[in-house]
Structures are given as structure tokens and as C-alpha cells.
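Observations on the model geometry
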Amino acid sequence: MAKINTQHSYPGVHSLSVRTADEDIERIENGYIRAHSLREDASSELQGVISVEGGLVPESQTSSFTGRGAMARLSRFVLSVRSWATRHSHREDQRPDSFLERIRGPELVEVSTRQSNIRSFLGARERPGAASRQKKEVFVIDPSSNLYYNWLTVIAAPVFYNWCMLVCRACFDELQMDHIKMWLFLDYLSDIIYVIDMFVRFRTGFLEQGLLVKDEKKLREHYTKTVQFKLDVLSLVPTDLAYFKLGLNYPELRFNRLLRIARLFEFFDRTETRTNYPNMFRIGNLVLYILIIIHWNACIYFAISKVIGFGTDTWVYPNVSVPEYARLSRKYIYSLYWSTLTLTTIGETPPPVKDEEYLFVVIDFLVGVLIFATIVGNVGSMISNMNASRAEFQAKVDSIKQYMQFRKVTKDLEARVIKWFDYLWTNKKTVDEKEVLKNLPDKLKAEIAINVHLDTLRKVRIFQDCEAGLLIELVLKLKPTVFSPGDYICKKGDIGREMYIIKEGKLAVVADDGITQFVVLSDGSYFGEISILNIKGSKSGNRRTANIRSIGYSDLFCLSKDDLMEALTEYPEAKKALEEKGRQILMKDNLIDEEAAKAGADPKDLEEKIGRLEVALDTLQTRFARLMAEYTASQQKVKQRLARVETRVKKYGSGSLSIAEAEAEKPEEEKK
């Protein structure tokens, strides 16, 4: 009898398949909605053919290339090709780092949104026409995204073009008329970009209760209520239609395009935030503003000269009938030169003659004074900010030099201290991490610390299986330390108050003579983790068991015992796990006394518990004393009231006591 595969039999292909919604969800999430199912159906058919053919046909026929044997061979060949293609097309994803996953936690995935989309997809598939009733999703640009910044770069170009060229074309007729086709093309290209920018603003999201708003109606209302919307509309008013009546020699009709200047300022602000050289960008930005002011002033000077008349006096531009002054380049350069001398007040210019010339020069001088003050103030502050870190570091070095000279420190030690400071500055290790990151929230501090210290901390054995919260606290408590060549990190017999993790450099475990080296520790090594745990039964206690010396300059991370115990206060289970790991390490190295470990509680632990009890008792005594004082005060008040009542009884008698008491208590209540 032939063996028939009941699961993948050939006739089974025509049977109906019933799938639940959960199975469909799993298929969609796995990314094989159609392709995977088709491959499974094809493979099931082929396997069914193989099973049927392989079971019903003799070997003499299956080995031939004719009849049913050929079909079986072809089916096996297709299956092998499909499995080979699957192995090479779908490579195994990179295995996630469990250590990193525990610290950072699972990535934020919009599970609910994904599940709702999948179920809506299944519902739309089951109910035809349901997809058309679903709300259309609106494309929204996040203001903090790179796409928005790239668009700012695009829109800043036409804004800058209009601010530079419109006034120049309006004042210099030759510049406008000689290249009229190019100007018209650039003008209407900038108008197209302006129109697109308005659509971008309608689709630019904003934050509401910390979430990006994606509702089309809210986005439209938010933009239309701003002043910038009115300015954007005014900047697109087609004032250049007046070209048909006045001619093409009036580019000043397009001055309303200058109202889009806010986009240029926004681009500068975003660039200053993103650049790695903000001080250099601020200086360049300041110079650009000054050049634009000088450029506009030069164009206005030439326009005033044209209105008054070229060559009518010594102040205006010379007569253009002279060939030397008739060239366009000479007109602009001369005007730019005059504007630069006037605004910077560093040169002599021809004195004005007419009243309007005097007024214009006075305004220029006032603007020039403001420009000069702005340049001096901004450049001075920028330079001081650029050298702030160097000045602060140099002040520390100078103070230490003065101290060593005052205390008459030896020249050898003084030279070592100076070399240590030189190493810090040369290798850019002078930054105080806590001072720099103090304004950030703890979560962001932890993220930065993880990125900086993760590769080092993950190599410590006792921290491999710690809780994520404990690891984050330990990462925040790591302190970078730099040791000079020949410095001892620890000596044998010293009390261990901190552990060290080597970030960079080499350390040597040396003998008591300081010369003989037993082993060299390099990047990623650590030591001192056992001595700060105070494990019961440790033969070495909390003392160092070796001499460790720095061979060259070494960068280490230091974790103090107090910081570790402070972090473990909130994680008692983690503390027990760390102590157990340390105990196993000591047992492996035969450095633990099992009898002492099985003995009673450590006297030091009892002392700590007694200390905590004393603190709690002091707190209770303070509270009890406060309660006794309140009780005594209340008793005195009761006695005083009883004394007043007795006095009134003796004076008025028992019948009029209530009336007199009520009248006496009224002024007391008013006083209260």
C-alpha cells in the first residue's frame, strides 16, 4: 500500500481553508501576507505530488526521465531551489543585545495602532466597501524632523534671493533690463516655492499636551489664526500684474515678497541649534546681516543720487555721462564703498549739500553707531564663549601652580602635576560630566551615560544579570578618573572603598617592590568589586589583595562603595544576588571561609542596623517631645478657661453665666 500524506495530500488542495482573525493578524505582522501563503500552498502541492508519486510508483519508473518519475524529480528540484532561495533571501536578523535591552527597555512600538490597523484591514477584507468609510489619514510634517529642516533650507533660498536682488534691481536699471528673462524665471520660481510653503505650513504639526496634532482641521485653524498667515498671504498678492501697465522696469512692485523673512530667521535658528560650531555660525550670521544692511544702504544711496541728479553736487554719485562712471560694476562698487565708509564711520566721505542729503547721512550715522556697537558686543561675547573652557581650565592650573609654589612642593612632583593637566587638555578630558549634564532629566542622563559607559560596564561579571533600574543608577554614579604613569591605584592591605573599571590604558599588578609585574590589565578589565560588597567569610575582608600601578596614562571609571550601597538600598534582592555572585567568585578562588560565612550575622551589619534604629528612635523622641509640648499648651489653655468660668460664676451667679459668657466670647472670636 502506498503511504499517503494526509496533511499535504494532493486532493486536499481543493478543500476550503478556515482561518481565524488571530491567525491572520499573526501572518500580517510576520510580513508574509501573500508571498508566504503562496509558497506554503505551492510547497504543499509539491509535497503532496511527491508523496503520492513516491508511494505509488516503483523505483524503476521513478528513476527514469519519463512518465510520473519525471514529475517527482521536477518537484524535488523545485523544492530544493525554493529552500535555497529562502535561506539566502531571508537572512537571520542580528541577535539583540540582552544587556542593552535590559537597560534601555523595549523600544516604543505603537502596538495598539498596529493592531487596530490590522483588524481594520481584516474587517475591510471581510466587509467590502468598509475601507472607503474609514477616515483618510493626513500627512503631517513634524517640526523637529529632518524633512522640515530640509524644507527650511529650500524656502530660505528664494527669501534670501528677494532680499538681496529686488532692491538692487529696483535701483540699477541696467541690472534689471539686461537680464530680464532670468529675473522673470527666478521671480516666478520663488513664487511657486512660496505657494508650496503655504501648503507645508498647513501640514506642519504642533504639540498639544505633549503630542503631535495630526487633525487636518486643527492644523488649518492653528495656522490661519497666526500673524504669519496674514503675512504669507500678503507676500503672495500678485502685485506684479502692474507690469502690464507700468512695464517690466519696476521690480519694486514685488517688495511684498520680503514679508516671508520669518522663514529665513527660522532657518538660521535651526541651523544654529544643529551645527557643531555655533559660535562660528553666529559670527558668520552677524557678518551676513551687516553686509545686507550695507548692500541696502548702497542701493538707497544710488537711488537718492538718481532722484537728485548724478553729478549735481559733490555728495551724490558722479555724472554717468563720464564713461568711467557709466559701467554697472562701477556704480555698484562706488555705492557699496560709500555705504561701508558711512556705516562703519572709519573713513571720510564728501559732505552733504542739500537738506535731504543731510537727513540721510544723519540716519546712516545712527545706524552705523548701532552696527559698530553690535559688532563689538557680539564678537567680544562670542570670542569669550569660544575660549571660556580654556580660560576656566587655565585658571585651575594657575591656582594649583601658586599653591605648589607657596607650599614649596618638589620640582619633580610639580612637573608631574603639570604633565597631568597637559594630558587632560590635549586629550579633551577636562569636561566635568556632571556639570554639563546637570540640566537634563534623569532619563536623558541615563541614556547618555549608557551610550558612553555601556561597553565598559557590561564587562563586569557581577553586573551581568542585575535589574535595569539598578544598572541605570550605577551608570549615573560612575566617575571618570585619570592616573599618571607610575601612580598606584591601590596598594596591598588598603581598605577598599571603590571599584575600578579600565576604560583606556594599561595597569600592572606588581610586587611589593613596584617593579616585578605579575599581570597587565588592559581595556575592559576591572578590579576591587569584591572588597566593596563586604561579603561575610571573605579571608581578605574589605582590604586590597594586590598592588596595582598605572603603566602610562590610564582612564578609569570609579564606583565608590557608598554609591553602590546607596543604589542597593532600594534593590534588596539585587543586593542579595550580588553578594551571592561575589561569594561564588571567592569560593572559586578559595578566598572564603565557609565556617565564618555560615556563622551569625556580621557585627558590622549589626552595627549598621543599630545605627539605623538609633536614628529612628531619635526621630520618634523628637516627635514625642513635640506632641508633649502641644499637649501641655492645650492643658494650660483649658485651665485658663476654667479659671475664667469660675470667676464669672462667683461674680454673676449661675443664672446669668450663659449670657455673660456669650457676650465675653464674642470679642475673643472677633480677635481670632
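Presented here is an overview of the structure given in this document. These numbers were taken from a predicted model, which means no experiment stands behind them.

This paragraph deals with the overall build of the protein chain. Helix and strand content of the protein chain: 28 helices and 10 strands. Taken across its 672 residues, the protein chain has 31% of its residues classed as buried. When the accessible surface of the protein chain is summed, it comes to about 44000 Å², and 59% of that surface belongs to carbon and sulfur atoms.

The strand order across the open sheet formed by 4 strands is S3-S10-S5-S8, and the pairing between neighbours is antiparallel. Whereas interior strands pair on both sides, the edge strands pair on one side only; in this sheet they are strand S3 (479-483) and strand S8 (526-527). Relative to strand S10 (residues 554-560), S3 is paired through 5 bridges, and the arrangement is antiparallel. Each residue of the ladder has a partner; that of threonine 481, found in S10, is leucine 556.

Quick look at the pairing of strand S9 (residues 547-550) now. As paired elements, strand S4 (residues 488-490) and S9 share 2 bridges and run antiparallel to each other. Within the sheet, the bridge partner assigned to tyrosine 488 lies in S9 and is arginine 549. Looking at chain direction, strand S6 (residues 507-510) and S9 are connected through 4 bridges and run antiparallel. Across the sheet, the residue bridging to valine 509 is isoleucine 548, located in S9.

Once that is clear, we can look at the packing of helix H8 (residues 146-171) against helix H10 (residues 180-202). Look at H8 against H10: their axes get within 10 Å of each other, and the N-to-C directions meet at 140°. Judged on the interaxial angle alone, H10 and H8 are oblique. For the pair H8 and H10, the sense of crossing is left-handed. Note on element contacts: H10 touches H8 through Trp183, Leu186, Asp187, Ser190, Ile193, Tyr194, Ile196, Asp197 and Val200, opposite Trp151, Val154, Ile155, Pro158, Val159, Tyr161, Asn162, Met165 and Arg169. By residue class, the composition of the contact of H8 with H10 is 13 nonpolar, 2 polar and 3 charged.

For residues other than glycine, phi is negative in most cases, and the peptide bonds are mostly trans. Located in the positive-phi region is glutamine 209, a residue other than glycine, with phi close to 55°. Non-glycine residue lysine 408 carries a positive phi angle of around 55°. Position of lysine 408 among the secondary structure elements: in the loop between helix H19 (388-406) and helix H20 (411-426).

Let's shift gears to the nonpolar core. Residues Leu470, Ile501 and Leu564 are the most contacted members of the largest nonpolar core, which totals 24 residues. Of all the secondary structure elements, the ones that give two or more residues to this core are helix H23 (468-477), strand S5 (498-504), S10, helix H24 (561-568) and helix H25 (572-588). In contact with leucine 470, not counting residues within four places along its chain, are Ala567, Leu568, Tyr571, Ala574 and Leu578. Membership of the second largest hydrophobic core comes to 21 residues, among which are Leu166, Trp296, Tyr301 and Val361.

Taken as a whole, the largest pocket spans an internal volume of roughly 1300 Å³. Looking at the largest pocket, it is lined by 37 residues, and the ones nearest its centre are Thr430, Val431, Asp432, Glu433 and Pro480. Taken together, the elements giving at least two residues each to the lining of the largest pocket come down to H19, H20, helix H21 (433-436), helix H22 (442-457), H23, S3 and S10. Top contributing element to the lining of the largest pocket by residue count: H22, with 6 residues. Taken together, the residues of the lining of the largest pocket break down into 18 nonpolar, 4 polar and 15 charged.

Pairs can form between side chains of opposite charge once their charged atoms are near each other. All told, the structure shown has 23 salt bridges when counted by the stated rule. Aspartate 197 is the partner of arginine 201 in a salt bridge, and the nearest nitrogen-oxygen pair spans 3.8 Å. Of this pair, arginine 201 and aspartate 197 both sit in helix H10, 4 residues apart, which is roughly one turn of the helix. Residue arginine 201 is classed as buried on the basis of its relative accessible area, which comes to 15%. Among the residues examined, aspartate 197 registers a relative accessible area of 0% and is labelled buried.

Further remarks concern helix H15 (residues 278-308). In a regular helix each residue adds 1.5 Å, so 31 residues correspond to 45 Å; H15 covers 45 Å between its end C-alpha atoms and thus fits that length. Just downstream of H15, glycine 309 is the residue with a positive phi angle, here 125°.

Right, let's talk about a nonpolar patch on the surface for a bit. Residues Leu440, Leu444, Ile448 and Val452 make up a contiguous nonpolar surface patch of roughly 290 Å² in combined accessible area. Tracing the sequence through the fold places leucine 444 in helix H22. The class for leucine 444 is partly exposed, based on a relative accessible area of 43%.

A few words on the sheet that holds S9. The strand order across the open sheet formed by 4 strands is S4-S9-S6-S7, and the pairing between neighbours is antiparallel. Whereas interior strands pair on both sides, the edge strands pair on one side only; in this sheet they are S4 and strand S7 (517-521). On average, adjacent strands in this sheet sit at an angle of 30° to one another, irrespective of strand direction.

Turning our attention to the packing of helix H17 (residues 328-344) against helix H18 (residues 355-386). At a minimum axis separation of 7 Å, H17 and H18 run at an interaxial angle of 65°. Together, Trp338, Thr342 and Leu343 of H17 and Phe360, Val361, Asp364, Phe365, Val367, Gly368 and Ile371 of H18 make up the contact between the two elements. Considering only residue class, the contact of H17 with H18 consists of 7 nonpolar, 2 polar and 1 charged.

The next subject is the environment of arginine 282. Within the secondary structure, arginine 282 sits in helix H15. A relative accessible area of 30% means that arginine 282 is categorised as partly exposed. It is 8.7 Å that separates the C-alpha atoms of arginine 282 and asparagine 378, two residues lying 96 residues apart in sequence. Ignoring any residue separated from it by four or fewer positions in sequence, one finds arginine 282 in contact with Glu272 and Met382. At a separation of 2.8 Å, a polar atom in the side chain of arginine 282 contacts the side chain of asparagine 279.

Right, let's get into the side chain of arginine 169. With respect to the element layout, arginine 169 can be found in helix H8. Here aspartate 187 takes part through its side chain, which lies 2.9 Å from a polar atom of the side chain of arginine 169. With sequence-adjacent residues up to four places away left out, arginine 169 is seen in contact with Tyr161, Leu175, Gln176, Trp183, Asp187 and Pro251.

The next thing to look at is the packing of aromatic side chains. A full pass over the atoms with the stated rule returns 30 aromatic pairs. Taken together, a centroid distance of 6.4 Å and an interplanar angle of 90° make the contact between tyrosine 325 and tyrosine 334 edge-to-face. Judged by relative accessible area, tyrosine 325 falls into the partly exposed class, the value being 22%. With a centroid separation of 5.9 Å and an interplanar angle of 10°, the aromatic rings of tryptophan 338 and phenylalanine 360 are classed as stacked. Of this pair, tryptophan 338 sits in helix H17 while phenylalanine 360 sits in helix H18, placing them 22 residues apart in sequence. By way of ring pairs, the aromatic residues Phe172, Phe302, Phe310, Tyr317, Tyr325, Tyr332 and Tyr334 are connected into one cluster. Seen from the ring of tyrosine 325, arginine 330 lies directly overhead, with NZ or CZ sitting 5.8 Å from the centre.

Further remarks concern the side chain of lysine 477. Tracing the chain through its elements places lysine 477 in helix H23. Contact partners of lysine 477, with chain neighbours within four places excluded, come to Cys558, Leu559, Asp563, Glu566 and Ala567.

What counts as what
- Residues numbered from 1 in each chain as written.
- Predicted model: local features only at pLDDT ≥ 70, side-chain atom pairs only at ≥ 80, totals over all residues.
- Heavy atoms only, no water.
- Helix = DSSP H or I, 4+ residues; strand = E, 2+ residues; numbered from the N terminus.
- Buried < 20%, exposed > 50% of the residue type's maximum accessible area, 1.4 Å probe, protein only.
- Areas by Shrake-Rupley, 256 points an atom, 1.4 Å probe, with all protein chains shown as cover.
- Pairing = 2+ DSSP bridges.
- Axes fitted to C-alpha atoms, helices over the stretch in contact; angles between N-to-C directions.
- Parallel < 35°, antiparallel > 145°, perpendicular 65-115°, else oblique.
- Left-handed = near helix turned anticlockwise from the far one by under 90°.
- Contact = heavy atoms within 4.5 Å.
- Nonpolar A, V, L, I, M, F, W, Y, C, P; charged D, E, K, R; others polar.
- Core = buried A, V, L, I, M, F, W, Y, C linked by side-chain atoms within 4.5 Å.
- 1 Å grid on protein atoms, 1.4 Å probe; cavity = no way out; pocket = protein on both sides within 12 Å on 5 of 7 lines; lining within 4 Å.
- Points joined across faces, edges and corners; volume = space filled by probe spheres on them.
- Salt bridge = Lys/Arg side-chain N within 4 Å of Asp/Glu carboxyl O.
- Expected span 1.5 Å × (residues − 1).
- Patch = residues over 30% accessible without salt bridge, like charges linked within 9 Å, V, L, I, M, F, W, Y side chains within 5 Å.
- Polar contact = N/O pair within 3.5 Å; in protein donor to acceptor, adjacent residues only side chain to side chain.
- Phe/Tyr/Trp six-rings, centres within 6.5 Å; stacked < 30°, edge-to-face > 60°.
- Lys NZ or Arg CZ within 6 Å of the ring centre and 35° of its normal.

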